[in-house]
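# Chains, contacts and geometry: an overview
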Amino acid sequence: MTGRLTIIGLGPGGPDWITPAATRALDEATDVVGYGPYVDRLPDRPGRTKHASDNRVELDRSRHALTLAAEGRRVAVVSGGDPGVFAMAAAVFEALEAGDQAWRALDIRVEPGISAMLAAAARLGAPLGGDFCAMSLSDNLKPWEVVEKRLRLALEADLAVCLYNPISKARPWQLGRAFEIVREIRAPEHFILLARAVGRPDERLTIRTVGEVRAEEADMATLVIIGASTTRLIARPDGERPWVLTPRSYGAPA
Ligand code: SAH
């Protein structure tokens with residue numbers, strides 16, 4: 001048996017948002033490696049070993065996965081959303097780059113998934129219809145000054161900005177500081193969208209203006225989308241949530 005390592009995106013929530021290719025790779029795996037909650041979500045099955053680990057040990061987890069694959073096992077490394085977006089793909093390739101030369105001959109694949117920003121955008125309408133960017137607000141792996149600088153420049157470029165990892169117990173003030181920067185650059189009537197647990201039973205979507213949004217409304221299961229200056233709402237009847245549109249073209253609607 002030759003080893004294989006597949007880095008799999010499980011999508012943002014339920015089984016409907018996992019690709020058939022990802023499901024197949026999971027079915028074929030003898031070993032599943034990943035952050036506890038993702039691994040726990042998978043059913044137990046004979047012949048498949050689950051290796052759950054803490055969120056902060058991505059490089060150790062990656063080396064472990066590569067070692068198992070080198071021993072001939074079929075390993076699935078799982079991530080929520082897409083594995084290439086602030087997730088395990090980069091960790092595995094960093095471990096590969098720094099590790100045993102023999103690992104480079106391994107059969108390694110990445111199976112994409114629906115990232116939180118795409119799931120959130122789909123629920124809200126078309127908030128990412130124009131140019132946009134994505135940032136992680138976490139300063140665990142990069143200095144906070146870098147985060148602030150990138151955010152400021154993205155806002156000045158009038159991009160819509162998706163913020164991953166907006167807030168956590170260990171990082172309580174960063175989102176509030178980010179909103180201060182937004183208020184310097186966007187107008188109070190511009191929009192900020194909070195998409196929490198998209199695709200899960202406890203999903204919650206909130207539309208706020210820059211003037212009214214508060215950091216306490218977000219948690220670590222929330223994806224924050226800062227609208228561009230052109231982002232607008234389309235009202236719906238009967239108190240239903242409006243659609244959000246960032247048009248592709250600048251200027252008056254056609
Ligand atoms: N690889 C993942 C992102 C991992 S970073 C992806 O592509 O989606 C973790 C962050 O992703 C969370 O803090 C949150 O900001 C966002 N996130 C993940 N799942 C989410 C969901 N179902 N709804 C909203 N945001 C989510």
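Coordinates for the structure precede this section.
Attention now goes to the overall build of the protein. Check the secondary structure of the protein and you find 7 helices and 13 strands. On C-alpha atoms alone, the protein measures out to a radius of gyration of 20 Å, which is about the 18 Å that the 2.2 N^0.38 rule sets for 254 residues. Overall, the protein is about 60 × 40 × 35 Å in size when its C-alpha atoms are taken along their principal axes. For the protein, with 254 residues in total, the buried portion stands at 46%.

The computed volume of the largest pocket comes to approximately 1,700 Å³. As for the largest pocket, its lining consists of 48 residues, and the residues nearest its centre are Tyr38, Asn55, Glu58, Phe86 and Asn165. Contributions of two or more residues to the lining of the largest pocket are made by α2 (36-40), α3 (58-70), β4 (74-79), α4 (88-98) and β11 (222-226). Each residue belonging to the lining of the largest pocket can be placed in one class, and the counts come to 25 nonpolar, 14 polar and 9 charged. The calculated volume of the second largest pocket comes to roughly 240 Å³. Lining the second largest pocket are 13 residues; nearest its centre among them are Pro15, Ile18, Leu26, Arg41 and Leu42. Of the residues in the lining of the second largest pocket, the class split is 6 nonpolar, 3 polar and 4 charged.

This part takes up the site of the ligand. Residues in close proximity to the ligand total 20 residues, the closest being Asp82, Val85, Ser115, Met220 and Thr222. The backbone of Ala197 places a nitrogen or oxygen atom 3.4 Å from a nitrogen atom of the ligand. The backbone of Leu223 places a nitrogen or oxygen atom 3.5 Å from a nitrogen atom of the ligand. When isolated, the ligand has an accessible area of 550 Å², and the protein chains bury 92% of it. Taking a 2 Å distance to the grid points as the criterion, the majority of the atoms of the ligand fall inside the largest pocket. Grouping the constituent residues of the shell around the ligand by class yields 13 nonpolar, 5 polar and 2 charged.

The subject of this paragraph is the sheet that holds β4. Paired through backbone hydrogen bonds, the strands of a sheet run either parallel or antiparallel to each other. The strand order across the open sheet formed by 5 strands is β3-β2-β4-β1-β5, and the pairing between neighbours is parallel. If you trace the sheet from one side to the other, it starts and ends with β3 (49-53) and β5 (107-111), each paired once. On average, each strand axis in the sheet is tilted by 15 degrees relative to the strand beside it, whichever way the strands run. One ladder, built from 4 bridges, connects strand β2 (residues 31-35) with β4; its direction is parallel. Pairing of Gly34 across the sheet is with Val78, part of β4. Strands β1 (4-9), β2, β4 and β5 of the sheet are contacted by helix α1 (residues 20-28), whose axis makes an angle of about 135 degrees with β1. Along the sheet face, α4 touches β1, β4 and β5 and points at about 155 degrees away from the line of β1.

Each value, and the rule that gives it
- Residues numbered from 1 in each chain as written.
- Predicted model: local features only at pLDDT ≥ 70, side-chain atom pairs only at ≥ 80, totals over all residues.
- Heavy atoms only, no water.
- Helix = DSSP H or I, 4+ residues; strand = E, 2+ residues; numbered from the N terminus.
- Rg over C-alpha atoms; globule rule 2.2 N^0.38 Å.
- Buried < 20%, exposed > 50% of the residue type's maximum accessible area, 1.4 Å probe, protein only.
- 1 Å grid on protein atoms, 1.4 Å probe; cavity = no way out; pocket = protein on both sides within 12 Å on 5 of 7 lines; lining within 4 Å.
- Points joined across faces, edges and corners; volume = space filled by probe spheres on them.
- Nonpolar A, V, L, I, M, F, W, Y, C, P; charged D, E, K, R; others polar.
- Near = heavy atom within 4 Å.
- Polar contact = N/O pair within 3.5 Å; in protein donor to acceptor, adjacent residues only side chain to side chain.
- Areas by Shrake-Rupley, 256 points an atom, 1.4 Å probe, with all protein chains shown as cover.
- Sits in = over half its atoms within 2 Å of the grid points.
- Pairing = 2+ DSSP bridges.
- Axes fitted to C-alpha atoms, helices over the stretch in contact; angles between N-to-C directions.
- Contact = heavy atoms within 4.5 Å.

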